[in-house]
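# Topology and contacts: notes
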Amino acid sequence: SYFSIMLIIMAQVFASFLTMDFLGRTVDKHGSRKVLLVTGLLVPLGPLFWIFRTDFVYLLIVELIAGIFFAGFKLAAANFVLDSTRPQVRLKCLAYYNFFTSIAIFMGALTGSLIFVYSPAIIKNPAILLFGLSFFLRLAFAALFLPILKEDRLLEIEIKRASTRHSLTIIPNRGVMYDVLGK
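Residues numbered from 1 in each chain as written. Predicted model: local features only at pLDDT ≥ 70, side-chain atom pairs only at ≥ 80, totals over all residues. Heavy atoms only, no water.

## Overview of the overall build of the protein chain
Looking only at helices and strands, the protein chain features six helices and three strands. Moving toward the C terminus, one meets the helices and strands of the protein chain in the order α-α-α-α-α-α-β-β-β. The buried share among the 183 residues of the protein chain stands at 27%. Sequence-distant contacts, at least 24 apart, represent 57% of the contacts inside the protein chain between residues at least 6 apart. (Helix = DSSP H or I, 4+ residues; strand = E, 2+ residues; numbered from the N terminus. Buried < 20%, exposed > 50% of the residue type's maximum accessible area, 1.4 Å probe, protein only. Contact = heavy atoms within 4.5 Å.)

Here is the structure:
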């Protein structure tokens, strides 16, 4: 029923909200890259489990777990962008990140709907094909792109003096920048 599907989809959002604090502390403790690697390899499992069973309780549990993985991935990805960009370009980089993520979601939904509608008659259930395809593509992108990420955490230290403001910026693998600004 429509109500059951709505509850299953809401389970993912609910799990995200409940675990965001824990996931934030995990990202702070272990770093964005490690959380991205773990959650990026776990996120593809969501559509895979939709292939095996269709009962309500099973799918509710699958989506609760998928919500935790997605929340960790999205939080770590946003943190990764924040940590590896200078404050002057941070908003631009976040805008690019959100723009390209939105385009990918739109293209995935459009492609999936076209495959579902125009799949050959020999495919009895195109939804199973889509879930399998979603699993393999997510896993392929995770395996291809996640290992090449390098975590560079931008560190700024303010040094206060009487008449001027000093700022020391440390960017791993790029160097140190020392700024002196008048009050």
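So that's the structure; there's more coming.
## Some details on the packing of helix H3 (residues 45-52) against helix H4 (residues 56-83)
It is at 10 Å that the axes of H3 and H4 come closest, and there the two elements cross at 175°. In this view, H3 runs roughly antiparallel relative to H4, as classed from their interaxial angle. Contact residues: Gly46, Phe49, Trp50 and Phe52 in H3; Tyr58, Leu59, Val62 and Glu63 in H4. Its residues assigned to classes, the contact of H3 with H4 shows six nonpolar, one polar and one charged. (Axes fitted to C-alpha atoms, helices over the stretch in contact; angles between N-to-C directions. Parallel < 35°, antiparallel > 145°, perpendicular 65-115°, else oblique. Nonpolar A, V, L, I, M, F, W, Y, C, P; charged D, E, K, R; others polar.)

## What to know about the layout of surface pockets
Its boundaries defined by the atoms lining it, the largest pocket holds a volume of some 2,200 Å³. Forming the boundary of the largest pocket are 50 residues, of which Val43, Phe70, Ala104, Ile105 and Arg138 lie nearest the centre. Secondary structure elements with two or more residues in the lining of the largest pocket: helix H1 (2-30), helix H2 (32-42), H3, H4, helix H5 (90-118) and helix H6 (126-145). Across the lining of the largest pocket, the residue classes tally to 37 nonpolar, 10 polar and three charged. Taken as a whole, the second largest pocket encloses approximately 160 Å³ of empty space. (1 Å grid on protein atoms, 1.4 Å probe; cavity = no way out; pocket = protein on both sides within 12 Å on 5 of 7 lines; lining within 4 Å. Points joined across faces, edges and corners; volume = space filled by probe spheres on them.)

## Some remarks on the packing of H1 against H4
Between H1 and H4, whose axes approach to 6 Å, the crossing angle comes to 40°. With respect to H4, the element H1 is oriented oblique. For the pair H1 and H4, the sense of crossing is right-handed. Partitioning the contact of H1 with H4 into residue classes produces 18 nonpolar, eight polar and two charged. (Left-handed = near helix turned anticlockwise from the far one by under 90°.)

## Brief notes about a nonpolar patch on the surface
Together, Tyr96, Phe99, Phe100, Ile103, Phe106, Met107, Leu110, Leu114, Phe116, Val117 and Tyr118 line one region of the surface with nonpolar side chains, adding up to about 1,200 Å² of accessible area. When you line up the elements, Tyr96 lands in helix H5. Under the relative-accessibility criterion, Tyr96 is labelled partly exposed at 48%. (Patch = residues over 30% accessible without salt bridge, like charges linked within 9 Å, V, L, I, M, F, W, Y side chains within 5 Å. Areas by Shrake-Rupley, 256 points an atom, 1.4 Å probe, with all protein chains shown as cover. Salt bridge = Lys/Arg side-chain N within 4 Å of Asp/Glu carboxyl O.)

## As for H3
Among all positions of H3, only Gly46, Pro47 and Trp50 are buried. Burial along H3 is one-sided: seen end-on, the buried residues are contained in an arc of 90°. Where H3 is buried, its residues contact H1, H2, H4 and H6. (Arc of directions from axis to C-beta.)

## Describing the pattern of salt bridges
In total, this model carries two salt bridges according to the counting rule given. Among the salt bridges present, the one from Arg25 reaches Asp21, with a minimum N-O distance of 2.9 Å. Taken together, the positions of Arg25 and Asp21, both in helix H1 and four residues apart, correspond to about one turn of that helix. Taking relative accessible area as the criterion, Asp21 reaches 55% and is therefore assigned exposed.

As far as function goes, none of this settles anything; it's purely spatial.
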